[in-house]
Amino acid sequence: MRGPQTPLSYENGRLCMQAMPLDELAREFGTPAYIYSGDAIEAAIDSFRRGIGNRKALICYAMKANSNLEVLRLFRARDCGMDIVSGGELYRALRAGVPAHRIVFSGVGKTEAEMVEALQAGILLFCCESEAELRTLSRIACDLGTTAPISLRVNPDVDANTHPYISTGLKDNKFGIPHNRIFDLFREMQLMPGIITKGVGFHIGSQLLDLEGFRSAARIMRNLVEELVALAPLEYIDVGGGLGINYGRENPPDAGDYAHTILSELPFEDMTIVFEPGRYMVGNAGVLLTRVLYNKVNQSKRFIICDAGMNDLIRPALYQAYHDFWPLAEMRLERLVRADLVGPVCESGDFLARDRELCDFQPGDLLAVASAGAYSSVMASNYNARPRPPEVLLSEGRARLVRRRETYADLIHLEVPSRD
Ligand SMILES: Cc1ncc(COP(=O)(O)O)c(C=O)c1O
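Quick caveat, the model's predicted, so the values are computed rather than measured.

> Help me understand the packing of helix α2 (residues 38-52) against helix α3 (residues 69-77) in this model?
Between two packed helices, the angle of one axis relative to the other and the distance separating the axes together describe the packing. Running from amino to carboxyl end, α2 crosses α3 at an angle of 40 degrees, the nearest separation of the two axes being 10 Å. Seen along the crossing, α2 lies across α3 with a hand that is right-handed. The segment α2 lies against α3, with Gly-38, Ile-41, Glu-42 and Ile-45 engaging Val-71, Leu-74 and Phe-75.

Next comes the structure, spelled out in structure tokens:
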């Protein structure tokens, strides 16, 4: 298998992560619960870095994929920066001890308050996505008597060949500045007060499984950079994230081929290449543990009902995403049945799998939803007044609770009673 390996394996018939039996963790922390392998995250960071080799580069982990503070600290300990998309993510990154000079700020809708916070923190780059945003940033930086470092996000109009909700580099997407507008805007920027142009960048989408989109975007960027350096010096090329992972049926490129494809198109040895991987770093490192509650048959259709719902893991409902399911007891692999695996939430869209060959799960059985480290716990909600699951990080031979399970009191603690 290419890409990050799953940290799951059976030992004496029990499913383990980092040699720890997951049934014990389910007993200790309850279900549903997110479990992350610190070793797998560190291995993914190391393999990504090896892929880049000795080019001048900065890895800014796209923390939207999983922003638990202890997860962020694993990245900080390996000298990674962060790609943030909100003031809340800036707060989290700083709380995790990530130096501001390794933080880049992406996103089409930065508010003025967020710009002020990021300027005061002294971040590395604002990845600007529109002329209006640039002008706002210029004004705010002048008001604060400072200068905003800018990287212009180019929309290269390249098809990333992925799910439409996670494709971002087409001219119809809201992201980036059309590439035929960049040159003129870049010239205008040289006259704007309060900003300094430091780089250009792109991000064409997520869960990309072939290298063609990356190659085309990098080639467009190379031509652009060759023109732009005649106007102003550039220090950074930001190549975004997007490298896909194996959810069970995919064969993604490995980090070395990915980095080679991009870097060979960008032969600017004196510039720093900023990489923003998210999913690759954490996706295969996490599982969601859940317990089967009931089996039922409606007409001839079988439903396996478990205690994790779309509020805990929305990816199947939102993107028709595929996840593999591993029974915690290996013997359950012996018999397969065709069924839907669904949660308790009152929506027909509340499913983890539809019409799939699944193990013949019985009430009380435990299973691990694999590849649930990215875009999973971060998207959890309280829909149906369901407390969000805890998060547990396995590292240094221990299982550490890094976010506790929410309580019923947590569900209402922000609500302000009316006094009249
Ligand atoms: C600007 C930017 N960079 C990086 C990423 C991370 O993408 P991925 O998790 O696919 O690596 C995203 C995700 O949407 C993004 O919008």
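From this point on, the discussion continues.
> Explanation requested: the site of the ligand in the structure shown.
Near the ligand lie 16 residues; those nearest to it are Ala-62, Ser-206, Gly-241, Gly-278 and Arg-279. Grouping the amino acids of the shell around the ligand by side-chain chemistry returns five nonpolar, eight polar and three charged.

> Explain the sheet that holds strand β2 (residues 14-17) here, please?
Two pairing modes exist for strands in a sheet, parallel and antiparallel, and in both the strands are linked by backbone hydrogen bonds. What the three strands build is an open sheet, ordered β1-β2-β3; its pairing is antiparallel. Edge positions in the sheet fall to β1 (8-11) and β3 (20-21), since each of these pairs with one other strand and no more. As judged from the two bridges shared by β2 and β3, these two strands associate in the antiparallel manner. When the sheet's bridge partners are listed, Cys-16 is paired in β3 with Pro-21.

> Sorry if this is basic, but what is going on with the environment of Ala-77 here?
Position of Ala-77 among the secondary structure elements: in helix α3. For Ala-77, a count of 12 C-beta atoms within 10 Å translates into the label exposed.

Cut-offs and rules
- Residues numbered from 1 in each chain as written.
- Predicted model: local features only at pLDDT ≥ 70, side-chain atom pairs only at ≥ 80, totals over all residues.
- Axes fitted to C-alpha atoms, helices over the stretch in contact; angles between N-to-C directions.
- Helix = DSSP H or I, 4+ residues; strand = E, 2+ residues; numbered from the N terminus.
- Left-handed = near helix turned anticlockwise from the far one by under 90°.
- Contact = placed C-beta atoms within 7 Å.
- Near = placed C-beta within 6 Å.
- Nonpolar A, V, L, I, M, F, W, Y, C, P; charged D, E, K, R; others polar.
- Pairing = 2+ DSSP bridges.
- Buried ≥ 20, exposed ≤ 12 C-beta atoms within 10 Å, placed from the backbone.

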